[in-house]
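Coordinate analysis (summary)
Spelled out from the first residue to the last, the chains are:
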Amino acid sequence: MENFTFYSPTYFEFGKGSESKTGELVRRFGGSKVLIHYGGGSVVRSGLLDRVKKSLDAAGLGWVELGGVKPNPRSGLVYEGIDLCRKEKVDLVLAVGGGSTIDSAKAIAAGTLYDGDFWDFYTGREIEKALPVGTILTIAAAGSEGSPDSVITKEEGMFKRGGHGDAIRPRFSILDPALTQTLPPYQTAAGITDIMAHLHERYLTNTKDVEVTDRLIEGLLLTMIHEGPRVIKDPNDYEARANIMWAGMLAHNNVAGVGRSQDWNSHNIEHELSALYDCAHGAGLAVTMPAVFKYVYRHDVMRFAKLAVRVWGCQMDFDHPEVTALAGIEALENFLRSIGMPLTFAELGAKEEDIPKLVEALCYGDGRPGSISGFVTLNADDCTKIYKMMV
Ligand code: NZQ
Ligand code: ZN
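Residues numbered from 1 in each chain as written. Chains lettered and ligands numbered in written order. Predicted model: local features only at pLDDT ≥ 70, side-chain atom pairs only at ≥ 80, totals over all residues. Heavy atoms only, no water.

**Section: the environment of leucine 358**
Keep this limit in mind: Here a helix means four or more residues in a row that DSSP labels H or I, a strand means two or more in a row labelled E, and each is numbered from the N terminus. For this analysis, residues touch if any pair of their heavy atoms sits within 4.5 Å.
Checked against the element boundaries, leucine 358 lands in helix α14 (residues 355–363). For leucine 358 and isoleucine 269, which are 89 residues apart along the polypeptide, the C-alpha to C-alpha distance reads 8.5 Å. Not counting residues within four places of it along the chain, the set of residues in contact with leucine 358 comprises Glu272, Leu273, Leu276, Tyr277, Phe345 and Tyr387.

Structure follows, in structure tokens:
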């Protein structure tokens, strides 16, 4: 295991009705004037936004609001939010919604305290200072409610890139599984896929002797395989929703990823798809992951075989471990198909003729060196082949 530091100070309030504590938590974490940030309207329709405002009013807190975050959030609204926070002297940013809203809130929180262009944080500069961020999560997926990450798309060039720093880890996150019951099935399934991708990206490591994190990841994947179909069958199954919501947080706050190298190439390759086609990130991952895994599994056949046996219940073929490894990848594909996810470019709405454009943005865009690194370093030729496997 490698040396590591792990700092995860988010305060979680979990359970039915927990959003009624919003005002109390904002006050506890030092907020007096709040920016309420939200998406395209689901929180208005569900009545959640009104309940949040009432809770802030009851606690005697000031607030301003900025809605309109799109899935795959854009830089334009971040600049608007930064201006608003400065003008209104906001001291805490409250995201009410999914990963896109939370990521946009994190970017605003960091940009407000920074003299330069906030995009610097999305091209390599560590985020060291930010307004405190609180979240009320409405979809189990991205794990942004407990992560130090934010993913934003720069409209100029449509580059989708990540920014990082412990300063943007939420100070508090309110997780009420009942809030996810209004999700359309496709979004629920995309969220399940994203959570499973976060686990795979950590499982694919070149670090030896990481049994504790291997076992955490395997346990969380088994949970998703058990709970995912339950919630697809019955969207109102609160217990399944609750298990998935907590698994989503555990999959991405990095408790299961410390002390080991990680992959993230499926995510990098997917981000170009959601940047170009505006597809749901999780749906893009359903198309991307199997192709990437089939391309790289020979790099460490036994790691893929172990996953196949321990998670998918495949029989170990000691003479031909590659057969076991591929059976595991096939089981993942079957699972994704069973929850209604796409597996091909056509099903996602992506086009084969765009592959050169995707590869250019992925490997060279916004200062990249011609390759992406992870479990295996992939150059432009590798990435072209991987995208072609998805057609
Ligand atoms: O915008 P509204 O109207 O709220 O609708 C959203 C949106 O259309 C809807 N939705 C959310 N909760 C709902 C609901 N509809 C009905 N009922 C509810 N309870 O669902 C749609 C998707 O929302 P979004 O926030 O985009 O989903 P998600 O949480 O999957 O976030 C995706 C974004 O997170 C990034 C992705 O790249 C993508 O941009 N990621 C962020 C990470 C991080 N910060 O750590 C890591 C991830 O790997 C990921 O890359
Ligand atoms: Zn993801």
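**Brief notes about the nonpolar core**
To keep things clear, this is the line we draw: To qualify as a nonpolar core, a set must consist of buried Ala, Val, Leu, Ile, Met, Phe, Trp, Tyr and Cys residues joined through side-chain atoms within 4.5 Å. Categorising residues by exposure relies on relative accessible area from a 1.4 Å probe, with only protein chains included: less than 20% of the type maximum marks a residue as buried, more than 50% marks it as exposed, and the intermediate range marks it as partly exposed. Residue ranges for the domains originate in an automatic or database domain assignment.
Grouped together as the largest cluster of nonpolar side chains are 102 residues, with contacts concentrated most on Leu273 and Tyr387. With nine residues, the single largest contributor to this core is helix α10 (residues 281–296). Looking at this core, you find at least three residues from each of domain 1 (11–179) and domain 2 (182–389). Beyond its immediate chain neighbours, meaning those up to four positions away, tyrosine 387 contacts Ile269, Glu272, Leu273, Phe345, Ile355, Leu358, Val359 and Leu362. Residues Ala59, Leu61, Leu94 and Val96 belong to the second largest nonpolar core, which totals 19 residues.

**Some thoughts on the site of ligand 1**
This is how it is decided: The near set for a molecule or strand comprises every residue that places at least one heavy atom within 4 Å of it. Throughout this description, a polar contact denotes any pair of N or O atoms lying within 3.5 Å of each other; where both atoms belong to protein, one of them has to be capable of donating a hydrogen while the other can accept it, and for residues adjacent in sequence the pair is counted only when both atoms sit in side chains. All accessible-area figures derive from a Shrake-Rupley calculation using a 1.4 Å probe, and residue coverage is judged against the displayed protein chains alone.
Close contacts around ligand 1 come from 31 residues, with Ser42, Gly99, Ser100, Asp103 and His198 the closest. Between ligand 1 and glycine 41 there is a distance of 3.1 Å, counted from an oxygen atom to a backbone nitrogen or oxygen. Here ligand 1, which alone exposes 960 Å², has 89% of that area covered by the protein. Counting residues per element, the ones that place at least two in the shell around ligand 1 are α5 (99–112), β6 (149–154), α6 (185–203) and α9 (265–277).

**What to know about the domain arrangement of the chain**
Note the following rule: Summed over both partners, the accessible area lost on bringing two parts together, with a 1.4 Å probe, is the buried area. Think of a salt bridge as a Lys or Arg side-chain nitrogen and an Asp or Glu carboxyl oxygen that are within 4 Å of each other. Amino acid classes used here: Ala, Val, Leu, Ile, Met, Phe, Trp, Tyr, Cys and Pro are nonpolar; Asp, Glu, Lys and Arg are charged; the rest, including Gly, are polar.
You can read the domains of the chain as domain 1 (11–179) and domain 2 (182–389). Computed from C-alpha coordinates alone, the two centres of domain 1 and domain 2 are separated by 26 Å. The interface of domain 1 with domain 2 comprises 32 residues on the first partner and 30 residues on the second. Here domain 1 packs against domain 2, burying approximately 2400 Å² in sum over the two surfaces, 59% of which is carbon and sulfur. Seen at the junction of domain 1 and domain 2, the total is two salt bridges. Residue arginine 74 is joined to aspartate 278 by a salt bridge in which the shortest nitrogen-to-oxygen separation is 3.0 Å. At the surface where domain 1 touches domain 2, the tally comes to eleven residue pairs in polar contact (both at pLDDT 80 or more). Taken together, the residues of the side of domain 1 that touches domain 2 break down into 16 nonpolar, seven polar and nine charged.

**Quick look at unusual backbone geometry**
Even without being a glycine, lysine 89 presents a positive backbone phi close to 55 degrees. Locating lysine 89 in the fold gives a position in the loop between α4 (75–88) and β4 (92–97). Despite not being glycine, asparagine 254 shows a phi value in the positive range, around 80 degrees. For asparagine 254, a relative accessible area of 21% translates into the label partly exposed.

**Thoughts on the pattern of salt bridges**
Taken as a whole and judged by the stated rule, the model has 21 salt bridges. Between glutamate 19 and arginine 51 there is a salt bridge whose closest N-O contact spans 2.9 Å. You can see glutamate 19 sitting in the loop between β1 (11–14) and α1 (22–28) and its partner arginine 51 sitting in helix α3 (residues 48–58), a full 32 residues away along the chain. When its relative accessible area of 7% is taken as the criterion, glutamate 19 is described as buried. Arginine 310 is the partner of glutamate 218 in a salt bridge, and the nearest nitrogen-oxygen pair spans 2.9 Å. Of this pair, glutamate 218 sits in helix α7 (residues 211–233) while arginine 310 is found in helix α11 (residues 301–310), placing the two residues 92 residues apart along the sequence. When salt bridges that share partners are traced, they join Glu211, Asp214, Arg215, Glu218, Arg260, Arg303, Lys306 and Arg310 into one network.

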